[in-house]
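These are the residues of each chain, in order.
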Amino acid sequence: MAPGPARAALTEFVLKVHARCDLACDHCYVYEHADQSWRRRPVRMTPEVLRTAAGRIAEHAAAHDLPDVTVILHGGEPLLLGAERLGEVLADLRRVIAPVTRLRLGMQTNGVLLSERLCDLLAEHDVAVGVSLDGDRAANDRHRRFRSGAGSYDQVLRALGLLRRPAYRRIYSGLLCTVDVRNDPIAVYESLLAQEPPRIDFLLPHATWDDPPWRPAGGGTAYAGWLRAVYDRWLADGRPVSVRLFDSLLSTAAGGPSGTEWLGLDPVDLAVVETDGEWEQADSLKTAYDGAPATGMTVFSHAADDVAASPLLARRRSGRAGLSDECRRCPVVDQCGGGLFAHRYGTGHFDHPSVYCADLKELIVHVNENPPAPVRLDAGLPDDFIDRLAALTGDRVAIGRLVEAQIAIVRALLAEVADRLPAGGAGADGWEALTALDHSAPESVARIAAHPYVRAWAVDCLAGSGTGARQGPDYLSALAVAAALDAGTPVRLDVPVRSGRLHLPTVGTVLLPEVGDGAARVETGPGSLRVAAGDVTVAIRPGTPGDAPRWWPTRVLAAPDVSVLLEDGDPHRDCHRLPAGDRLDDAGAARWAETFAAAWQVIRDEVPGHAEELRAGLRAVVPLRRSGAGVSEASTARQAFGGVAATETDAGSLAVLLVHEFQHSKMNALLDICDLVDGTRPIDITVGWRPDPRPAEAVLHGIYAHAAVADMWRIRADRQVDGAQAVYRRYRDWTAEAIGALQRADALTPAGSRLVRQVARSMSGWPS
Ligand code: SF4
């Protein structure tokens, strides 16, 4: 047996705050299985144990510099503590742990005692509440009964009714269902779904080789059959809810983490503190033998690091090396990981495959052979692309894929524009040069195609409207000159001049008032431009800073690790819902540069994942004309991915505007390649941020953008920034309400539903 990473951090702590239960479920591993240590333990965790445990957790988080830790209140039944003591426990945990790291609080309850008062308390302390429910009345009451023999179904449903209320919905973390193959799988699945949980956990009944699970006669892999039926139905339903078991298998099938100790090779990072302060391993081990979870350590004598290094825990953290020979040779070991550790026990040791081995194998093969239909994504994007874009933590790689898709779209638009060119007429040489450059210097052409307002021009040009139509298809020559400059390739082309201006995207604008509307001959040399029109000849070195009498270079907003264009010269930038400002003077440009650099620091500090995304996708910032109201405003345009327009403002506000608007930009780009809204079900939805009902696509945009804004204000509230709490709550509530309304409206495609579910999941641990 190879030891694991002895001193890696634990991140999840289960506190047994009350060791008795008001139910007497006959499948309970705490009271009904081999370990009987509950008999000798105090009923309640004392304040001294609780504070010492909290101190150990804080000490561990500080030593390992953990960004967050999860503490789950468990039992027995934690609600038996009563509201008063529960409030003290939660306050103590926050007081001791929250100054050191972000504390995520959770509770697993049977729900029987849940009341409005308790829900208020749990919401006040941001406790994510998971409830145990085994299915419909018959399924649930088969095992989940009071000592009197009466079933608990009605009480649990009442509790779930409370958790579904808008006021408590955000603390409802999911349902935990223990499988009994005597229950009808579809009836169980549907009855769980009816409770609108954010997540369902299906657990196999705890069993070992010494005490194997009940199976029907001839039902060799009855558990696999049961779970397969649920899986097939879940797929057919379009995966309406997260099911941890299936999500885990799909994740590991793609090489991702399992996210659960039940499956896969993720290292175990959980420890338990019993009511008397003893450190224990996971409760599931209670099924193995009396004393199996014991570590021989207490919170008074030992730190969490000592627990992490204990031999059994170390083995459970050692991945494949800690498995039996049979498991190590198994073709599905990366997904199965030998199943739950406790289920491997038999004849005095754990060196066996899972007692559910045949079931797990059959289920894994079934899932692998029947993956979800890929969400319809063009450009060969992976199935988890939606999840990655929905994660509020940011994903630079996913943005890179969006950029690639956008460039492909722009290339196709350019080809369409070229088709409109008269043979041998103006622009034909430009197209020829551009296609030649695309062979010799494709990166240079891609950089020009990625400029947001190239697409805006092409779309207008093809539609015969706006500045794009006025510029005309021969603007292709301007693109060719810009790409040639980027590549250092000499070209000589006639480039259109409109209203006395010759614009080269990403490069700058040559002022030729004498020409009005017409064309100028442009020659590029190494780092230089020569522009001739009639009697006027202008020599330009595009890289030199500062305006010259006939030359407005496109300026740059820069911070040490990013630079974007300050776009106040491109004639196609005025495609936003708000009017673009005029060319800035040097003082105005310097103010923008200073504010942008400061805003970038704010973004990097508050939401580094978004900084990564912006670095990958933001190309240009367009100064907007100041509005009469003097408020900060910003906008993105449907046809200008990577462009954000904003009024001049302070750094903190610009940081929020950039993150907010880039979310819209991402959503626009995603809508280009993926159907998110079901067009057959048009519907208008009332949302918090607008007085008028909005179509589903606009609501989707709002959810995506406002979730990111709420996240920024959540972080500011965490840092005690004045007024941040109220702004955070406003955006969070708008977003959460809109998610609920959009889900109820049933107006999304499976891909759209998946995106919204992922956003909701990202928000699920947020504080009140
Ligand atoms: S399927 Fe069986 S042999 Fe394979 S890893 Fe799982 S428990 Fe081990």
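Please refer to the structure placed before this passage.
The structure displayed is predicted, hence computed values, not measured ones.

Some details on the site of the ligand
Near the ligand the following residues occur: Cys327, Cys330, Val332, Val333, Cys336, Gly338, Pro353, Ser354, Cys357 and Lys361. Secondary-structure elements contributing two or more residues to the shell around the ligand are helix 12 (333–336) and helix 13 (357–369).

So, the nonpolar core
Across soluble globular proteins, you tend to see nonpolar side chains buried next to one another. In this structure, Leu502 and Leu512 are the most contacted members of the largest nonpolar core, which totals 129 residues. Judged by nonpolar contacts, the second largest core, of 105 residues, contains Ala222, Leu227, Tyr345 and Ile364.

Brief notes about the side chain of Thr208
With respect to the secondary-structure elements, Thr208 resides in the loop between strand 6 (199–203) and helix 7 (222–236). Assessed through its relative accessible area of 1%, Thr208 is described here as buried. A polar side-chain atom of Thr208 sits 3.2 Å from the main-chain amide nitrogen of Asp210. A polar atom in the side chain of Thr208 sits 3.0 Å from the backbone nitrogen of Asp211. Discounting chain neighbours no more than four positions away, the residues touching Thr208 are Thr287, Ala288, Ala342, His343, Tyr345 and Val355.

A look at the sheet that holds strand 8 (residues 270–273)
The strand order across the open sheet formed by 10 strands is 7-6-5-4-3-2-1-8-9-10, and the pairing between neighbours is mixed. The open sheet has two free edges, formed respectively by strand 7 (242–243) and strand 10 (294–298), since each of these has just one partner strand. Pairing of strand 1 (residues 12–18) with strand 8 involves 4 bridges; the strand directions are parallel. Its bridge partner lying in strand 8, Glu12 is registered against Leu270. Strand contacts of helix 1 (residues 47–63): strand 1, strand 2 (68–75), strand 8 and strand 9 (278–280), with the helix running at about 175° to strand 1, the strand carrying the most contacts.

Comments concerning helix 16 (residues 428–440)
The terminal C-alpha atoms of helix 16 lie 19 Å apart, and with 13 residues this matches the ideal 18 Å at 1.5 Å per residue to within 8%. For helix 16, the set of buried residues is Gly430, Ala433, Leu434 and Leu437. All buried residues of helix 16 project into a common sector of 100° when viewed along the axis, lining one side. Seen from the buried face of helix 16, the exposed residues on the opposite side, beyond 90 degrees, are Glu432 and His439. Residues of helix 16 that are buried sit in contact with helix 15 (396–419), helix 17 (442–449), helix 20 (476–487) and strand 11 (492–497).

Calculation rules
Residues numbered from 1 in each chain as written. Predicted model: local features only at pLDDT ≥ 70, side-chain atom pairs only at ≥ 80, totals over all residues. Heavy atoms only, no water. Near = heavy atom within 4 Å. Helix = DSSP H or I, 4+ residues; strand = E, 2+ residues; numbered from the N terminus. Core = buried A, V, L, I, M, F, W, Y, C linked by side-chain atoms within 4.5 Å. Buried < 20%, exposed > 50% of the residue type's maximum accessible area, 1.4 Å probe, protein only. Polar contact = N/O pair within 3.5 Å; in protein donor to acceptor, adjacent residues only side chain to side chain. Contact = heavy atoms within 4.5 Å. Pairing = 2+ DSSP bridges. Axes fitted to C-alpha atoms, helices over the stretch in contact; angles between N-to-C directions. Expected span 1.5 Å × (residues − 1). Arc of directions from axis to C-beta.

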